[in-house]
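Below, each chain spelled out in residue letters.
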Amino acid sequence: MHKRNSRLLLVVAAAAAAGMALAGCGAGGGDAGDDGVATIQFWHRTFTPVENEWYAGIVKQFNESQDEIKVVDTEVPADAWDQKMKSAQAAGKAPDIYTFSASITDAVNAGQLHELNDLVPQDKLEEIIEPAQPISQIDDKYYAYPLLLEPQTVLFWNKDLLSAAGLDPETGPTTWDEMLDMCAAIKPTLAEGQYCISPASDAVTFAWSSVGQQYNFAGHTALNDDWTAPDIDDPGYRELMANYKTLWDEGYMPQQALDVYVGGKDFGEEKVAFKVSGSWMMSEIGSDYSDVLPKTGIGPFPNAADADGRGASTLGNFRWVIDAKSKNAQAAADFLTWALAGDPELLVPFFVDTQFTKVPVRESVQEAVSADEASANAPWSSIVMNDIVPTAIPEPTYPWDVSLAVGTAMESVMKGAASADDAIKTAEDAINTVIQRDDLPSKAPTS
């Protein structure tokens, strides 16, 4: 859900050169040329520079490894992705294969994704670790192959700012009560323009980043088990909303965001003592704010007082999917299998260069990454793997509009635009509309 860096000229040049060489193949799905070579269109979002380099490199390696399939790599800026993809799908020119981060439920129901079971060898599908399976398949039918998992709600702290407030710089808060107490101690020590914490602060970000916290506080997420009704009118949801309102009312957080949730600029510039973001932020700090890296603490996001072992993060992801209308679905699957489900060494540079902030979805890849000598210089990787991932939950599979209704309620309560009663009632009405519109009970998980 993140990725904000600019495009690499190398990738642009490569894509342009490929496009010129393959003019006539169109901007959408590929086809077989007169020479019998299947041309595959592959789109991925603009990620961080090192990730962009890996994508360009993996396509180049695949093309050089055989002569039956030609993959054309197109990097799409993140802020243009949705519109470009929707336009391509509407015109029947969607790429054969592309990166995907949302719930697959809506896309499968819309007939946009190709089933992978008949395209990717079964033993390759079985290598996907258990936490990544819910985001990849529906009722044992796979529609996506994941590249990674990454906790989406992680707490970072500036050790110097904690020390200046007389707090232990090596230990972050474990509960919301502790975090609020720490903010009360930190606030008087800060300079103008500095704040205790930078969390999510808008409806859209709350919609996806707070799902783990909803589970942490309430023991469930926004729908009941059979998807017949919303399940947000309870003490857990109310307490979570009230805590964010405290952050807002006490001035512990900025009322105008200093950076987006997925970015690390506000933390790197030492404008906040705590930053809430995904595990990926550590790679941005390491690459762009190396002087802040040694003073950065990292740990699980604080729990509700009665969380009873539940974590507060979802596991974000990026997966590769094949378009349902692709004319070369098998060739696209062959590329996917080679790149994501083949030799683990092909994936090691991705996880090493992103500074061990992401989790491989195959045990063989995890072992290969851990064996890399650079892992000794990334102590935070063990915190991510051992302290955060085990209690994180998969992203919800219900429609995005359900999550957005909850996110809107959280923002409204936090900013004082609505009482908890009114915000929850409005969210329930919106969720009930989605339930009826999309016939969600017929699509509820069966296991």
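Residues numbered from 1 in each chain as written. Predicted model: local features only at pLDDT ≥ 70, side-chain atom pairs only at ≥ 80, totals over all residues. Heavy atoms only, no water.

### Re the overall build of the protein chain
Helix and strand counts for the protein chain come out as 18 helices and twelve strands. Compactness check: the protein chain gives a C-alpha radius of gyration of 22 Å against a globular reference of 22 Å for 447 residues, within 12% of the reference. When its C-alpha atoms are laid out on the principal axes, the protein chain stretches across 70 × 50 × 35 Å. In the protein chain, which comprises 447 residues, the share counted as buried stands at 53%. (Helix = DSSP H or I, 4+ residues; strand = E, 2+ residues; numbered from the N terminus. Rg over C-alpha atoms; globule rule 2.2 N^0.38 Å. Buried < 20%, exposed > 50% of the residue type's maximum accessible area, 1.4 Å probe, protein only.)

### Thoughts on the sheet that holds strand β8 (residues 195-198)
One open sheet holds the four strands; their spatial order is β8-β9-β7-β10, and the pairing between them is mixed. The outermost strands of the open sheet, each flanked by one partner alone, are β8 and β10 (296-300). For this sheet the average axis-to-axis angle between neighbouring strands, irrespective of direction, equals 15°. Pairing of β8 with strand β9 (residues 272-277) involves three bridges; the strand directions are parallel. Looking at the pairing, Ser198 lines up with Lys275 of β9. (Pairing = 2+ DSSP bridges. Axes fitted to C-alpha atoms, helices over the stretch in contact; angles between N-to-C directions.)

### A word on the side chain of Ser209
Locating Ser209 in the fold gives a position in helix α8 (residues 203-209). Note on Ser209: relative accessible area 1%, which makes it buried. Residue contacts for Ser209: discarding those within four places in its chain leaves Thr153, Ala200 and Tyr261. (Contact = heavy atoms within 4.5 Å.)

### Looking at the packing of helix α10 (residues 235-249) against helix α17 (residues 400-414)
Packing of α10 against α17 brings their axes to within 8 Å, and their N-to-C directions diverge by 45°. The angle between the axes of α10 and α17 places the two elements in the oblique class. Judged by the twist between their axes, the crossing of α10 over α17 is right-handed. Within the contact between the two elements, α10 uses Tyr237, Leu240, Met241, Tyr244, Lys245, Trp248 and Asp249 and α17 uses Val406, Ala409, Met410, Val413 and Met414. Along the lines of polarity and charge, the residues of the contact of α10 with α17 split into ten nonpolar, no polar and two charged. (Parallel < 35°, antiparallel > 145°, perpendicular 65-115°, else oblique. Left-handed = near helix turned anticlockwise from the far one by under 90°. Nonpolar A, V, L, I, M, F, W, Y, C, P; charged D, E, K, R; others polar.)

### What to know about unusual backbone geometry
One non-glycine residue, Glu270, lies in the positive phi region at around 60°. Among the secondary structure elements, Glu270 is positioned in the loop between α11 (265-268) and β9. Relative accessible area serves as the criterion here: at 24%, Glu270 is assigned to the partly exposed category.

### Side note on the environment of Ala165
Within the element layout of this structure, Ala165 appears in the loop between α6 (159-164) and α7 (176-186). Other than its neighbours up to four places away in sequence, Ala165 contacts Ala185, Ile186 and Thr189.

### Brief notes about the pattern of salt bridges
Scanning the model with the defined rule gives 16 salt bridges in all. In this structure, Arg45 and Asp82 form a salt bridge, with 4.0 Å as the shortest nitrogen-oxygen distance. Residue Arg45 is located in strand β1 (residues 38-45), and its partner Asp82 is located in helix α3 (residues 78-90); the two are separated by 37 residues in the primary sequence. Overall, the relative accessible area of 15% leaves Arg45 in the buried class. Ionic pairing is found between Lys159 and Glu170, a salt bridge with its closest N-O pair at 3.2 Å. (Salt bridge = Lys/Arg side-chain N within 4 Å of Asp/Glu carboxyl O.)

### Details of the nonpolar core
Within the largest apolar cluster, 122 residues are counted, with the highest numbers of intra-cluster contacts made by Ile197, Phe274 and Trp320. If you tally residues by element for this core, the top one is helix α13 (residues 329-340), at eight residues. Ignoring anything within four residues of it in the chain, the contact list for Phe274 reads Leu155, Phe156, Trp157, Leu162, Pro173, Met182, Cys183, Ile186, Cys196, Ile197 and Ser198. (Core = buried A, V, L, I, M, F, W, Y, C linked by side-chain atoms within 4.5 Å.)

### Re the side chain of Thr296
Along the chain, the position of Thr296 falls in strand β10. The class for Thr296 is buried, based on a relative accessible area of 8%. A distance of 2.8 Å separates a polar side-chain atom of Thr296 from the backbone oxygen of Val292. In this view, Thr296 contacts Phe156, Trp157, Lys159, Phe267, Met282 and Ile285; residues no more than four positions away in its chain are not counted. (Polar contact = N/O pair within 3.5 Å; in protein donor to acceptor, adjacent residues only side chain to side chain.)

### Regarding the confidence of the model for the protein chain
In the predicted model, the protein chain carries a mean pLDDT of 91, and the fraction of residues at 70 or more is 92%. The low-confidence segment residues 1-27 (pLDDT under 50) makes 51 contacts with residues lying over four places distant or belonging to another chain. (pLDDT = per-residue confidence, 0-100.)

### Description of α7
All of the buried residues in α7 are Trp176, Met179, Leu180, Met182, Cys183 and Ile186. The buried residues of α7 occupy one face: seen down the axis, they fall within an arc of 160°. Looking at the buried positions of α7, the neighbouring elements they touch are α6, β8, α9 (211-218), α10 and β9. (Arc of directions from axis to C-beta.)

### Some words on the state of the cysteines
Within the structure shown, the criterion is met by one disulfide. Note on cysteine connectivity: Cys183 is disulfide-linked to Cys196, with sulfurs 2.1 Å apart. Sign of the S-S torsion, about -80° for the bond between Cys183 and Cys196, identifies this disulfide as left-handed. With Cys183 in helix α7 and Cys196 in strand β8, this residue pair connects regions lying 13 residues apart in the sequence. (Disulfide = S-S within 2.5 Å.)

### As for the pairing of strand β6 (residues 145-151)
Side chains on a regular strand alternate between the two faces of the sheet. Most of β6 is tucked away: seven of the seven residues are buried. Bridge count between β6 and strand β11 (residues 314-322): six bridges; the pairing is antiparallel. Its bridge partner being in β11, Pro146 is matched across the sheet by Arg319.

### A word on the environment of Thr74
Its location among the elements puts Thr74 in strand β2 (residues 69-76). Spatially, the C-alpha atoms of Thr74 and Ile424 are 42 Å apart, while their sequence positions differ by 350 residues. In this view, Thr74 contacts Phe42, Trp43 and His44; residues no more than four positions away in its chain are not counted.

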